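So the chains spell out like this:
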Amino acid sequence: MLFNSIPYLLLFAFTYLIYWNIPQKGRKPLLVISSLIFYAYFSFPFLFHFLLVILVNYGFSEWIFRKKDKGEKYNHLLFSIVALNLINLGFFKYFYFITGSLFSLTGYPSFKEIAGSWSIFLPLAISFYTFQIIAVQVDIHRGIIEKRMSALDYFLFILFFPQLIAGPIMRSQDFLPQLDHPTIDSDRMKKGLFLIIGGLFKKVIIAENIAPIISPIYMDPAKFDSFSIFFSVLAFAVQVYCDFSGYTDMARGSANLLGYEIPENFQGPFFSQSFRELWSRWHITLSSWLRDYIYIPLGGSKGSIFRSNVNSFITMCLGGLWHGANWAFVLWGAYLGALIWIERSLYLGRGKKKLLPDTIPFVGIFRTVVIFITFSFSGVFFRAAARGEESMNVAFEIFKGVLTFRNTGETLSRVDELPTFIALGLMFNWFQHSNLVYEKLKPYQNILLPFLSVVILLLLGIFGDGGQDFIYFQF
C-alpha cells in the first residue's frame, strides 16, 4: 500500500474520519487495526510473524521490568532478546549472503546446496522494526523508559502505520509521551498537508522520473561516455534523497493529521560542508541509532583519535550491511567510513586546523560541492547492489567510466533532463536546510494549499504512474 496510491488514500481517509469522531480511548485501538490492515495489504502471512515478534519482545520487556523492580540481575534476559531479534533479522535477510560468502571463501558445494534448498522471503520492514524493538529493550535497561507500557501502547509504538515500512526509526522518547494526548490544530493540519504534497512531488515527479533515465547505466556502464555516467551518479543521489525523504515527509504529514509528531529524517543534507555534518542531516534516525547503540558502546570518541576513527569506521560498515545483504552495501559503508576517517585526520582532528579556512572567498560553496559530489559516488555501490553477484563489476566499470574521462561511447538518452531534476532535488534540500521559505510563505498558506493541491494532482496525472515502490521498502 504505497502512500501515493488509492488504497492508502482510502485507508487513511476512513481512519482519519473515524479517529477524530470517537473518544480518545477508542483511538489507539483504531490505529492498531489500521496498521494491521496496512501491513496485511503487503503481506498477510508475514503479519502473523510480525505480531509474534512484537509479542515475544513485549513479554521480555515485562520480564525485564519485573527483574528491575525486584533488584535482580537481568543482563542475560537483555542479551537473549537482543540476540533473538538479530537472529530473526539475520535468518531472513542474511541467510543467502552468509552461505554465498562461505561458498566463495571455501569452495565447499554444500553451502551452495543448502542455499538452493531454501526459499526465504524477506518480511517487509524487518530492518526498521528490528532496530526500533531493540532500542526499546536497551532503553528499558538504561532507564530511559521508566514505566511499563501497556500491551496496546507497545503494539501501537511498533505498528504505527505512517512510519511502519520505512521509518523514520522512532525512539521511545519520540512517540510514547504523545500517545495519550494527540493534538490537532489548523497549523499542524496545514503543515501535514504541505508535507504530503512536498513528499508526493519528490517521490513521483523527481525520483520516479530519474529512475528510468539512469537505469541503463547500471545495466551496461561500459558502453556509455563519462559525461552520461557522471550525471547519472549525481542524479541517483538525488533520486534516493527524493524517494526516501519524500516517504518521510508523507509519513510525517500523515502523523500530523492524526495529531502526532514523528521525527524528521532529513535536514538538507546536500548543503553540508563536512561528512560529519552530512550524517547529522541524512537518514537522521538511523544515524543517531547507530551512534547510540553501536558507536558509543564501542567506545565512541573516548580515547585516541585513531580509536575513535576505528569505532566510526566499524559503525559505518555495519550501517552499510544493515541496508542489504550484499558486499556492495558493506563497501558503501566502508567508503563513507573512510571519508569520515580522512576528514577527521586531515582537518577536523583535535588541535588541527581546517585545510581551507573560512576566510577564503566562496570556500563554503566549494566545500558543499565537494561533499555533495563525493557523497554521490558512494551511491554507485548502493545502486550497483541491485545487480547481485555482478554488483562489484558494475561499480568498477562506473568508477572507471568517470575517472578515464572518455568521450567515446553512447550518450545516455534524456541525459539533458538530469540537471533539471538534480536542481529540483537541491531546491528541496534548501527548503529543509532553512525554515526561511516556510516562514516567509506561512502567511499565504491558505491560498497556497489549495493551489498546490491542484498542481500536484495535475502533475501526478501527467508524470506519475504510482507504480514504483519506495527504495527503502527493500530493507
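Residues numbered from 1 in each chain as written. Predicted model: local features only at pLDDT ≥ 70, side-chain atom pairs only at ≥ 80, totals over all residues. Heavy atoms only, no water.

The condition is simple: UniProt positions are given in the numbering used here, feature names are shortened, and annotations may be inferred rather than shown by experiment.
Under an unreviewed UniProt entry, the protein has the name MBOAT family protein and belongs to Leptospira montravelensis. On record in UniProt, under Subcellular location (unreviewed entry), the comment for the protein is "Cell membrane".

Digging into the environment of Thr 408
Selection rule: Only DSSP runs of H or I reaching four residues or more are called helices, and only runs of E reaching two or more are called strands; each is numbered from the N terminus. Contacts are residue-level and defined by heavy atoms, with any inter-residue pair within 4.5 Å sufficient.
Among the structural elements, Thr 408 can be located in the loop between helix 16 (391-403) and helix 17 (418-433). C-alpha of Thr 408 to C-alpha of Met 1: the two residues are 407 residues apart in sequence and 44 Å apart in space. Those residues in contact with Thr 408 that lie beyond four places of it in its chain are Phe 224 and Asp 225.

So, unusual backbone geometry
A negative phi angle is the norm for most residues apart from glycine, just as the trans form is the norm for most peptide bonds. What counts is decided by this rule: Each residue's exposure class comes from its accessible area (1.4 Å probe, protein chains only) as a fraction of the maximum for that residue type: buried when under 20%, exposed when over 50%, partly exposed otherwise.
Notably, Phe 405 is not glycine yet its phi reads approximately 50°, a positive angle. One can find Phe 405 in the loop between helix 16 and helix 17. Taking relative accessible area as the criterion, Phe 405 reaches 68% and is therefore assigned exposed. Unusually for a residue other than glycine, Arg 414 sits at a positive phi of about 65°.

Quick look at the packing of helix 2 (residues 24-42) against helix 3 (residues 44-70)
Note the threshold: Axis geometry follows a simple rule: fit a line to the C-alpha atoms, using only the stretch in contact for helices, then measure angles between N-to-C directions, giving values from 0 to 180 degrees. The scheme is simple: roughly parallel for angles under 35 degrees, roughly antiparallel for over 145, roughly perpendicular for 65 to 115, oblique for anything else. By definition, turning the near helix anticlockwise from the far helix through less than a right angle yields a left-handed crossing, and turning it clockwise yields a right-handed one. Amino acids outside the nonpolar list (Ala, Val, Leu, Ile, Met, Phe, Trp, Tyr, Cys, Pro) and the charged list (Asp, Glu, Lys, Arg) are all regarded as polar, and Gly is one of them.
Between helix 2 and helix 3, the least distance of the axes is 6 Å, while the angle of their chain directions is 130°. Taken together, the axis directions place helix 2 and helix 3 in an arrangement best described as oblique. Crossing angle aside, the handedness with which helix 2 passes helix 3 is right-handed. In this structure, helix 2 contributes Leu 36, Tyr 39, Ala 40 and Phe 42 to the contact, and helix 3 contributes Phe 44, Phe 46, Leu 47, Phe 50 and Leu 51. Taken together, the residues of the contact of helix 2 with helix 3 sort by class into 9 nonpolar, no polar and no charged.

What to know about the packing of aromatic side chains
To be explicit about the condition: A pair of aromatic rings is counted whenever rings of Phe, Tyr or Trp (Trp by its six-membered ring) have centres within 6.5 Å, and the orientation is called stacked for planes under 30 degrees apart, edge-to-face for over 60 and tilted otherwise.
Under the defined criterion, the tally for this structure stands at 60 aromatic pairs. Taken together, a centroid distance of 5.6 Å and an interplanar angle of 35° make the contact between Phe 131 and Trp 322 tilted. Residue Phe 131 is found in helix 6 (residues 126-142), and its partner Trp 322 is found in helix 13 (residues 305-323); the two are separated by 191 residues along the sequence. Exposure class is identical for Phe 131 and Trp 322. Each is buried. Look at Phe 266 and Trp 282: their rings are 5.2 Å apart centre to centre, the planes differ by 85°, and that puts the pair in the edge-to-face class. Note that Phe 266 is positioned in the loop between helix 10 (226-257) and helix 11 (275-279) and Trp 282 in the loop between helix 11 and helix 12 (284-295), a separation of 16 residues in sequence. As far as the burial class goes, Phe 266 and Trp 282 line up, both buried.

So, the packing of helix 1 (residues 6-19) against helix 2
Relative to each other, helix 1 and helix 2 sit at 170°, their axes nearing to 10 Å. With respect to helix 2, the axis of helix 1 lies roughly antiparallel. In contact with Pro 7, Tyr 8, Leu 11, Thr 15, Ile 18 and Tyr 19 of helix 1, helix 2 contributes Arg 27, Leu 30, Leu 31, Ser 34, Ile 37, Phe 38 and Tyr 41. Classifying every residue of the contact of helix 1 with helix 2 by side-chain character gives 10 nonpolar, 2 polar and 1 charged.

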